[in-house]
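Architecture at a glance
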Amino acid sequence: MAKRINKGFRKLLKKTREVIKEQMQKFDLTSDKILLGGFSQGGATALYTAMTHDEKLAGVIGLSSWLPLHKLFVDQNEGHNLKKQDCAIMQYHGDNDMMVKLKYGKMTNELLKKGGAKASMKVYPGLEHSSSPQEMRDVKVFIEDLLSKI
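In what follows, the accompanying structure is described. (Residues numbered from 1 in each chain as written. Predicted model: local features only at pLDDT ≥ 70, side-chain atom pairs only at ≥ 80, totals over all residues. Heavy atoms only, no water.)

1. Remarks on the overall build of the chain
Looking only at helices and strands, the chain features five helices and four strands. Its helices and strands in sequence order give the chain the pattern α-β-α-β-α-β-α-β-α, from N to C terminus. Against the globule reference of 15 Å for 150 residues, the chain gives a C-alpha radius of gyration of 15 Å, in line with a compact fold. Projected onto its principal axes, the C-alpha coordinates of the chain cover approximately 40 × 35 × 30 Å. By the burial criterion, 43% of the 150 residues in the chain qualify as buried. Put simply, of all contacts in the chain between residues at least 6 apart along the chain, 70% involve residues at least 24 apart. Taken as a whole, the chain presents about 8,500 Å² of accessible surface, with 55% of it coming from carbon and sulfur. Of the charged side chains in the chain, 25 are positive and 17 negative, and the gap between their average positions amounts to 5 Å. (Helix = DSSP H or I, 4+ residues; strand = E, 2+ residues; numbered from the N terminus. Rg over C-alpha atoms; globule rule 2.2 N^0.38 Å. Buried < 20%, exposed > 50% of the residue type's maximum accessible area, 1.4 Å probe, protein only. Contact = heavy atoms within 4.5 Å. Areas by Shrake-Rupley, 256 points an atom, 1.4 Å probe, with all protein chains shown as cover. Lys, Arg positive; Asp, Glu negative; His and termini not counted. Charge placed at Lys NZ, Arg CZ, Asp CG, Glu CD.)

Put into structure tokens, the structure is as follows:
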């Protein structure tokens with residue numbers, strides 16, 4: 001794994017991959033039945049884990065998040081390839097988020113699309129680094145749509 005990835009992030013990625021494997025075994029699932037998602041750093045972890053996961057996933061949800069270590073994907077270094085994952089990726093972001101600025105969410109979305117990923121994004125006017133009932137309704141619709149296809 002990239003030397004640029006700090007020890008804490010490596011540990012988090014390892015644990016995330018272990019949870020995926022545990023859920024697959026516990027519920028007798030293939031990886032294309034697994035949906036990853038998270039808010040802020042959790043969303044960043046979900047995005048990075050998905051984009052470096054060897055098997056197809058059902059989808060990824062990133063709320064107020066970004067793709068960490070994006071330069072590794074741009075340069076396609078150390079096996080980082082945006083075409084590796086063929087699942088639906090949905091990002092949600094508030095335009096008033098001062099913690100993870102909207103520009104980072106948009107940069108991530110543009111990078112994913114440019115790299116061939118099936119990425120979409122919804123922006124919520126006035127939403128800060130939090131969630132809203134409308135955003136949660138939209139997440140629900142996305143999940144229901146994914147579930148109807150698997």
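2. Some words on unusual backbone geometry
Even without being a glycine, Asp28 presents a positive backbone phi close to 50 degrees. Along the chain, Asp28 falls in the loop between helix 1 (7-26) and strand 1 (35-39). A positive phi angle, close to 60 degrees, is found at Ser40, a residue other than glycine. Structurally, the position occupied by Ser40 is in the loop between strand 1 and helix 2 (41-51). Take Ser40: its relative accessible area is 14%, and that puts it in the buried class.

3. Points about the packing of helix 1 against helix 2
At their nearest, the axes of helix 1 and helix 2 sit 10 Å apart, and the two run at 70 degrees to each other. Taken together, the axes of helix 1 and helix 2 are roughly perpendicular relative to one another. Residues Phe9, Leu12, Leu13, Thr16, Arg17 and Ile20 of helix 1 lie in contact with helix 2, whose contacting residues are Gln41, Thr45, Tyr48 and Thr49. Here the contact of helix 1 with helix 2 is built from residues that sort into five nonpolar, four polar and one charged. (Axes fitted to C-alpha atoms, helices over the stretch in contact; angles between N-to-C directions. Parallel < 35°, antiparallel > 145°, perpendicular 65-115°, else oblique. Nonpolar A, V, L, I, M, F, W, Y, C, P; charged D, E, K, R; others polar.)

4. Some points on the sheet that holds strand 2 (residues 59-63)
Read from one edge of the open sheet, four strands run 1-2-3-4, paired in parallel fashion. Looking along the sheet, the strands with just one partner apiece sit at the ends: strand 1 and strand 4 (118-124). Each strand of the sheet is rotated relative to its neighbour by a mean of 10 degrees, with strand direction disregarded. As paired strands, strand 3 (residues 88-94) and strand 4 are joined by seven bridges and run parallel to one another. By the bridge assignment for strand 4, Gly94 is matched with Tyr124. (Pairing = 2+ DSSP bridges.)

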